[in-house]
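As a plain string of letters, each chain reads:
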Amino acid sequence: MSARRSAAAQPQENQPGTPGQASSRAGRRAQRGAGAAAPKERVPNERAPRPVHVRQSSAFAGGRLWWHFILDGAVIAVLLGIAILGFGPTFGHDPAYLVAGFGAIVLGLGVAAMGAHWRLGLISMVGVGFLVYMIFGSALAAPQEALLGFLPSGDSLRGLLLGIMLSWKQLLTLAPPVGTSVDVLVVPYLSAFVAAIVAGTLAWRVRNAYWALVPVVALFITAILFGTAEVFLPVLRGSLLTVGAIVWLAYRHELLRREMAGSISANQQVQDAAGARTSLLRRIGLGAGVILVASAVTMAAAPALTQSSDREVLRDTVIPPPDLHALPSPLTKFRDYVKNEKDTVLFTAESLPKNGRVRIAAMDNYDGVVFNVDPNSSASFAPIGDPNALSQGSKGEGSAVGLVIDGYSGVWIPNVAVAGSLSYQSAQGATPTLYLNKESGTALNLAGVTKGDAYSMDVAFPQVDGNKLAGSDFGRVNLPKLENVPQVVGTKANEFVGEADTPLKKVQALEGAFQREGKFSNGLEGQTQSNSGHSAARITKMLSGKEMVGDDEQYATAMVLMARHLGIPARVVMGFYLDEKDANNGASTIKMKGADVHAWVEVNFAGLGWVPFNPTPDKDHVPNPPEPQNASKPKPQVLQPPPPPQEPADLPPDSAPDALDTDSKKDSQAGIWGTILMIVGVAAIPIIIIALPLILIVVLKSRRRKKRHTTGLPTDRVGGGWSEVMSLATDLGASVNSSGTRRETAVSLYSAFPTTQGTTALLAEKADAAIFGPGQPSEEDVATYWQHVEHSVQGMSGSVGFWKRQRAKFSPRSLLADTKARAQSRAQSKALSREQSKDSPGGHWATGPAQDQGGDGIRSKLAQMMKKKS
């Protein structure tokens, strides 16, 4: 017996099985070899042994060499570093963002390595990552707020914690360069830190290395979206990212292929060394070809994708905080400076070079009344991020200019184009939030510039090369469309330009025409009358008169309107500067007064930016005095007798004042009612659209009820009454089995409508008796049956709530059920017709209104056939 058992067990021991099965077999063989006794029975109260939790091995404990994992980390660090460089223009290429970004990459890879080695879960990884982020964030992302530049402080920790949620918005609402505070450095630090953790985890804990590139690409896109319209080294960065990713993926693919090959043929030497070497060379050549093609495509496509002037980033879609619609145009105060504050010292300028100009605002939007700052173009003001590094990218000789506010007031900050820094000290103590518009080179203080405010600017004065200007075309800038421009502007513009054929000559032709033909007058006492303002009526009067009379306000406006009519990008700029003949021009300290206010024109040229032009004629070009007129000799006056009184004329009835008032009142009332009806009609459109389907459902149900009650034989109308009850039950949400008998259906409705059990059962019995009984029911029986139907329907509706009754009234469920029943009835009729045609050729089934009742209609027809046969 034992021998047969051993022989039977022998083949099973050689079969493969699970480790647990192999160990149990080995234990049984050991017991049999040692002649062990029967296994000990388990004591009922004895505790079962606890399962032993085997600690999972490190992700670095596989068959790969240690330097393979280091190489993975180095490649990921390089790729993430290439993505971090995209934040350069946003931070003005300050090294602080590189320290934060690359430091975060190293920390993130370290956290990923810890998680891979100890097999940490998601919650543990998040906890460790948060601790590392807070501990090292003070040194990397908050050096200004940290103690000694690297030790955590309350401000640095608060900034790191709040920056997780708020720094993204802060980075988009600040004008680049945004500075190096913790409020903005958290973005590259946190994004690089998270990307490094995810990329390292995927590279070391997932077999497929392709997933590790997802966070790299995400960081690359984040740097673009939170960057500026300026692209930093697009060709080089794109090529390095593409080539590096392809090479690393090919390397990981080769490692995976070798591991799979090694698992199939372990410890076997390759017999065909030449074939293996040829295969290796082929793969290397193919990989090199792919890299070359990818590099060529990247270098060819990068310029086309990055040199577009319409490149948009997230900061372009963020609405600037200041609302400029509520601010009046600075140009409306021009005549007030000339007339009422001509001797008032507005501010003091220090180190302003000779012929230097202090700007107030650049205006490019005209509505027929005033020139103003357009909120959608040159008014894209954003909070100044780093006052010490505005980086407007101008070329010219730089110098420090300081301004101290005296009698000047307003929200527009007097500044000098083009400022590279703005260190503002408010007389109120706390430095307000300043807004900068790089497009127009103007700054804004919504709190208002007050006396005592002082600030310094590092100004670069661009030098315009005349030769380049003569050969340059107009620049392409987005300017708003002008409205209500007088027609005389276009006529005069064509006349002034004449045969000028180059961009510069056209602008100079406009400027020269105003300087030659224009007359200067501020309208002050002792001067020729000259009204203020620059509305369409004022410009029309100036251009249409015998002489053009005005000051900077009118001439700058007229020239810009003409230039824009000719397609020339131009705008009006208001500011202050001294005349060239003024003795103080070029002095170290200049006191600007109201009399020094000016307005000029700036035209944009490609590659040179905005170039100023002065259309205002010299002040000595005064209007000619009016020609003297001969004095008229008055004739002696003779007193004439008064005219005789006249009788009042008879007015027609319809022209009487009462009739006219009545007609006007009727017209007014008709207009009011017409407006009301139009508003009601428009408001009723969505209501009608919603109500139409509901009305259609009610109409179809009413038509169905009428058809069931009045159409067909008496048996059909009795069956229609029962169908009416079933339709209501369906609309109320009860489960109705269309294939069951009437009595079965009545029983199934007991639970849904307990109060109508007797009525429903009675209706089912009477319907069966009328349809399957001998003869046809009388009209009185049909009317009585429908009275019971009405009673049952009212009881079913009353057993539910108000809203459920309304839903049932407009529910299409019963209509859909009828459609389905009719389709089934037609199919059954066709089947019965085919069966009947086999038995009696030429026979057919009569169809009629009973088909609308579904299965009950078929049973009704069968009952009628049985009656006829009998």
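Just so it is clear, the model here is predicted, and its values are computed rather than measured.

### Some points on the overall build of the chain
Part 1 of the reasoning: Of the regular secondary structure elements, the chain holds 25 helices and 17 strands.
Part 2 of the reasoning: A burial count over the chain gives 39% of its 870 residues as buried.
Part 3 of the reasoning: In the chain, once contacts between residues fewer than 6 apart in sequence are set aside, the share between residues at least 24 apart is 77%.
Part 4 of the reasoning: Carbon and sulfur atoms make up 59% of the accessible area of the chain, which amounts to about 49800 Å² in all.

### Examining the sheet that holds strand E14 (residues 570-576)
Part 1 of the reasoning: In spatial order, the strands read E2-E14-E16-E17; together these 4 strands make up an open sheet with antiparallel pairing. One side of each edge strand has no neighbouring strand; the edge strands of this open sheet are strand E2 (358-363) and strand E17 (609-613). Sheet twist, expressed as the mean angle between neighbouring strand axes with direction ignored, is 35°.
Part 2 of the reasoning: Across 7 bridges, E14 lies against strand E16 (residues 597-605) in antiparallel orientation. By the bridge assignment, Met 574 is partnered in E16 with Ala 599.

### Regarding the confidence of the model for the chain
Parts of the model with low pLDDT should not have their predicted coordinates read in detail.
Part 1 of the reasoning: The share of residues in the chain with pLDDT of 70 or more is 72%, and the mean pLDDT across the chain is 77.
Part 2 of the reasoning: In the predicted structure, residues 651-662 sits below a pLDDT of 50 and forms 4 contacts with residues beyond four places in sequence or in another chain.
Part 3 of the reasoning: In this model residues 866-870 is a low-confidence stretch, pLDDT under 50, and it forms 6 contacts with partners more than four residues away in sequence or in other chains.

### A look at a nonpolar patch on the surface
Part 1 of the reasoning: Residues Phe 130, Leu 131, Ile 135, Phe 136, Leu 161, Leu 162, Ile 164, Met 165 and Leu 166 make up a contiguous nonpolar surface patch of roughly 870 Å² in combined accessible area.
Part 2 of the reasoning: Among the elements of the structure, helix H5 (122-141) and helix H6 (154-173) are those that each provide at least two residues to the nonpolar patch.
Part 3 of the reasoning: At 5 residues, the largest contribution of residues to the nonpolar patch is made by H6.
Part 4 of the reasoning: By the element assignment, Leu 131 lies in helix H5.

### Brief notes about the packing of helix H4 (residues 95-118) against helix H7 (residues 182-205)
Part 1 of the reasoning: It is the contact of H4 with H7, at a shortest axis distance of 7 Å, that shows an interaxial angle of 30°. Classified by the angle between their axes, H4 and H7 sit roughly parallel to one another. Crossing of H4 over H7 shows right-handed handedness.
Part 2 of the reasoning: Split into classes, the residues belonging to the contact of H4 with H7 amount to 19 nonpolar, 5 polar and 1 charged.

### Considerations on the sheet that holds strand E10 (residues 442-449)
Part 1 of the reasoning: Pairing is antiparallel in the open sheet, where 4 strands are placed in the order E5-E9-E10-E7. Edge positions in the sheet fall to strand E5 (382-383) and strand E7 (410-413), since each of these pairs with one other strand and no more.
Part 2 of the reasoning: Strand direction decides the pairing type here: E7 and E10, joined by 3 bridges, are antiparallel. Residue pairing in the sheet places Gly 410 in a bridge with Val 449 of E10.

### A short note on the pairing of E10
Part 1 of the reasoning: E10 sits mainly inside the fold: 6 of its 8 residues count as buried.
Part 2 of the reasoning: Bridge analysis of strand E9 (residues 434-437) against E10 gives 4 bridges, and the strand direction is antiparallel. Bridge assignment links Asn 437 to a residue of E10, and that residue is Thr 442.

### Let's talk about the side chain of Ser 191
Part 1 of the reasoning: As for its position among the elements, Ser 191 is in helix H7.
Part 2 of the reasoning: For Ser 191, a relative accessible area of 12% puts it in the buried group.
Part 3 of the reasoning: A polar contact is formed between the side chain of Ser 191 and the backbone oxygen of Val 187, at a distance of 2.5 Å.

### Notes on the pairing of E2
Part 1 of the reasoning: Among the 6 residues that make up E2, 6 are buried, leaving the element largely enclosed by the rest of the structure.
Part 2 of the reasoning: Pairing of E2 with E14, which is carried by 5 bridges, proceeds in the antiparallel orientation. Paired with Ala 361 across the bridge in E14 is Met 574.

### Quick notes on the packing of aromatic side chains
Part 1 of the reasoning: Applying the stated criterion across every chain, the model contains 18 aromatic pairs.
Part 2 of the reasoning: Seen in terms of ring centroids, Tyr 189 and Phe 193 are 6.3 Å apart; in terms of plane orientation they differ by 15°. Their pairing is stacked. Of this pair, Tyr 189 and Phe 193 are both found in helix H7, 4 residues apart, which corresponds to roughly one turn of the helix. Of the two residues, Tyr 189 and Phe 193, both sit in the buried class.
Part 3 of the reasoning: Here the aromatic residues Tyr 337, Phe 347, Tyr 408 and Phe 576 are joined through ring pairs into a cluster of three or more.
Part 4 of the reasoning: The ring of Tyr 337 has Lys 333 lying over it, and the distance from NZ or CZ to the ring centre is 5.0 Å.

### So, the pattern of salt bridges
Part 1 of the reasoning: For the coordinates displayed, the defined rule picks out 18 salt bridges.
Part 2 of the reasoning: In this structure, Asp 501 engages Lys 505 in a salt bridge whose closest nitrogen and oxygen atoms are separated by 3.9 Å.
Part 3 of the reasoning: The exposed category is assigned to Asp 501, whose relative accessible area is 59%.
Part 4 of the reasoning: A salt bridge links Arg 717 to Glu 779, with the shortest nitrogen-to-oxygen separation between them at 2.6 Å. With Arg 717 in helix H19 (residues 714-731) and Glu 779 in helix H22 (residues 779-798), this pair connects stretches of sequence that are 62 residues apart.
Part 5 of the reasoning: Here the salt bridges do not stand alone but share partners, grouping Arg 704, Arg 705, Arg 708, Glu 724, Glu 790 and Asp 818 into one network.

### Points about the environment of Asn 531
Part 1 of the reasoning: Looking at the secondary structure, you find Asn 531 in the loop between strand E12 (518-520) and helix H16 (536-544).
Part 2 of the reasoning: With relative accessibility at 34%, the residue Asn 531 sits in the partly exposed group.
Part 3 of the reasoning: For the pair Asn 531 and Ser 521, spaced 10 residues apart in the sequence, the C-alpha separation amounts to 9.2 Å.
Part 4 of the reasoning: Excluding its chain neighbours within four sequence positions, the residues that come into contact with Asn 531 are Arg 335, Arg 538, Lys 541 and Gln 554.

### Notes on the environment of Thr 760
Part 1 of the reasoning: Relative to the elements of secondary structure, Thr 760 occurs in helix H21 (residues 757-772).
Part 2 of the reasoning: Residue classification places Thr 760 among the buried positions, given a relative accessible area of 3%.
Part 3 of the reasoning: Measuring from C-alpha to C-alpha, the distance between Thr 760 and Val 725 comes to 8.4 Å, with 35 residues separating the pair along the chain.

### Observations concerning the environment of Ala 223
Part 1 of the reasoning: Tracing the backbone shows Ala 223 in helix H8 (residues 213-225).
Part 2 of the reasoning: With 139 residues separating them in the primary sequence, Ala 223 and Ile 84 have C-alpha atoms 6.6 Å apart.
Part 3 of the reasoning: What Ala 223 contacts, discounting residues up to four positions off in sequence, is Ala 83, Gly 86 and Phe 87.

### Details of unusual backbone geometry
Part 1 of the reasoning: Residues other than glycine seldom take positive phi values, yet Ser 351 does so here, at roughly 65°.
Part 2 of the reasoning: When you line up the elements, Ser 351 lands in the loop between strand E1 (345-350) and E2.
Part 3 of the reasoning: On the basis of relative accessible area, Ser 351 is assigned to the partly exposed category, the value being 43%.
Part 4 of the reasoning: Positive phi, normally seen in glycine, also occurs at Asn 355, with a value near 60°.
Part 5 of the reasoning: Structurally, the position occupied by Asn 355 is in the loop between E1 and E2.
Part 6 of the reasoning: You can call Asn 355 partly exposed: its relative accessible area is 39%.

### Structural notes on H22
Part 1 of the reasoning: The end-to-end C-alpha separation of H22 is 29 Å, in line with the 28 Å expected for 20 residues at 1.5 Å each.
Part 2 of the reasoning: Those residues of H22 lying buried are Val 782, Tyr 785, Trp 786, Val 789, Ser 792, Val 793, Met 796 and Ser 797. Looking down the long axis of H22, one finds its buried residues gathered within 130° of arc, a one-sided arrangement. Across from the buried face of H22, at angles greater than 90 degrees, the exposed residues are Glu 780, Gln 787, His 791, Gln 794 and Gly 798.

### Observations concerning the packing of helix H3 (residues 66-84) against H7
Part 1 of the reasoning: Look at H3 against H7: their axes get within 10 Å of each other, and the N-to-C directions meet at 150°. Compared by their axis directions, H3 and H7 come out roughly antiparallel. By crossing handedness, the relation of H3 to H7 is classed as right-handed. In this structure, H3 uses Phe 69, Asp 72, Gly 73, Ile 76, Leu 80 and Ile 84 to contact H7, whose residues at the interface are Pro 188, Ala 192, Ala 195, Ala 196, Ala 199, Gly 200, Ala 203 and Trp 204.

What counts as what
- Residues numbered from 1 in each chain as written.
- Predicted model: local features only at pLDDT ≥ 70, side-chain atom pairs only at ≥ 80, totals over all residues.
- Heavy atoms only, no water.
- Helix = DSSP H or I, 4+ residues; strand = E, 2+ residues; numbered from the N terminus.
- Buried < 20%, exposed > 50% of the residue type's maximum accessible area, 1.4 Å probe, protein only.
- Contact = heavy atoms within 4.5 Å.
- Areas by Shrake-Rupley, 256 points an atom, 1.4 Å probe, with all protein chains shown as cover.
- Pairing = 2+ DSSP bridges.
- Axes fitted to C-alpha atoms, helices over the stretch in contact; angles between N-to-C directions.
- pLDDT = per-residue confidence, 0-100.
- Patch = residues over 30% accessible without salt bridge, like charges linked within 9 Å, V, L, I, M, F, W, Y side chains within 5 Å.
- Salt bridge = Lys/Arg side-chain N within 4 Å of Asp/Glu carboxyl O.
- Parallel < 35°, antiparallel > 145°, perpendicular 65-115°, else oblique.
- Left-handed = near helix turned anticlockwise from the far one by under 90°.
- Nonpolar A, V, L, I, M, F, W, Y, C, P; charged D, E, K, R; others polar.
- Polar contact = N/O pair within 3.5 Å; in protein donor to acceptor, adjacent residues only side chain to side chain.
- Phe/Tyr/Trp six-rings, centres within 6.5 Å; stacked < 30°, edge-to-face > 60°.
- Lys NZ or Arg CZ within 6 Å of the ring centre and 35° of its normal.
- Expected span 1.5 Å × (residues − 1).
- Arc of directions from axis to C-beta.

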